[in-house]
Amino acid sequence: MNTTVYAVKGMTCSGCMTKVTTAVNGVAGVNEVDADVATGEVTVVSEGPVDAQLVRAAVKEAGYEVVG
């Protein structure tokens with residue numbers, strides 16, 4: 001299992017978490033997503049490597065931004 005943590009700017013509520021989680025779950029190869037408003041982090045779990053650009057694009061499409 002691969003685990004990657006992304007810092008996401010703009011998540012401020014549970015609705016934000018839901019939007020980001022749904023968007024990132026749609027990325028090919030993603031098995032699990034955990035978004036945390038308190039830390040501003042999104043943890044992505046997958047069986048193999050997931051293209052970080054696709055994750056960034058999904059977060060952006062949801063209205064947020066991956067930073068760092």
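Just above, that's the structure.
The model shown is predicted, which means the values in this text are computed figures rather than measured ones.

A. View of the overall build of the protein. The number of helices and strands found in the protein is 2 helices and 4 strands. Going from the N terminus to the C terminus, the protein shows its helices and strands as β-α-β-β-α-β. The C-alpha atoms of the protein give a radius of gyration of 10 Å, which matches the 11 Å a tight globule of 68 residues would have. Each of the 68 residues in the protein was classed as buried or not, and the buried ones make up 32%. When contacts within the protein are restricted to residue pairs at least 6 apart in sequence, those whose partners lie at least 24 apart make up 61%. Carbon and sulfur atoms make up 51% of the accessible area of the protein, which amounts to about 4000 Å² in all.

B. Spotlight on the sheet that holds strand β4 (residues 65-67). Read across the open sheet, the 4 strands follow the order β2-β3-β1-β4; overall the sheet is antiparallel. Every interior strand has two partners, whereas the edge strands, β2 (30-36) and β4, have only one. Looking at each pair of strands side by side, their axes are set apart by 35 degrees on average, direction ignored. Pairing geometry for strand β1 (residues 2-9) and strand β3 (residues 41-46), over 6 bridges, is antiparallel. Considered in β3, the bridge of Y6 is made with V42. Packed onto the sheet, helix α1 (residues 14-25) meets β2 and β3 and runs at close to 160 degrees relative to β2.

C. Region of the structure containing the nonpolar core. The biggest cluster of nonpolar side chains holds 19 residues, and the ones touching the most others in it are M11, V24, V42, V59 and Y64. Listed by contribution, the elements that provide at least two residues to this core are β1, α1, β2, β3 and α2 (52-61).

D. Representation of the pairing of β3 in the model. For β2 and β3, the ladder comprises 6 bridges, and the chain directions are antiparallel. Counted as the bridge partner of D34 is T43 from β3. Here β2 hands over to β3 after 4 residues, with G40 in that stretch at a positive phi of 75 degrees.

E. Local environment of α1. Taking 1.5 Å of rise per residue, 12 residues should cover 16 Å, and α1 covers 16 Å from first to last C-alpha, within 8% of that figure. Among the residues of α1, those classed as buried are C16, V20 and V24. Seen end-on, α1 carries its buried residues on one side only, within an arc spanning 55 degrees. Of the residues in α1, the exposed ones pointing more than 90 degrees away from the buried face are S14 and T22. Against the buried residues of α1 lie β2, β3 and α2.

Cut-offs applied
- Residues numbered from 1 in each chain as written.
- Predicted model: local features only at pLDDT ≥ 70, side-chain atom pairs only at ≥ 80, totals over all residues.
- Heavy atoms only, no water.
- Helix = DSSP H or I, 4+ residues; strand = E, 2+ residues; numbered from the N terminus.
- Rg over C-alpha atoms; globule rule 2.2 N^0.38 Å.
- Buried < 20%, exposed > 50% of the residue type's maximum accessible area, 1.4 Å probe, protein only.
- Contact = heavy atoms within 4.5 Å.
- Areas by Shrake-Rupley, 256 points an atom, 1.4 Å probe, with all protein chains shown as cover.
- Pairing = 2+ DSSP bridges.
- Axes fitted to C-alpha atoms, helices over the stretch in contact; angles between N-to-C directions.
- Core = buried A, V, L, I, M, F, W, Y, C linked by side-chain atoms within 4.5 Å.
- Expected span 1.5 Å × (residues − 1).
- Arc of directions from axis to C-beta.

Purely geometric stuff here, so don't read any function into it on its own.
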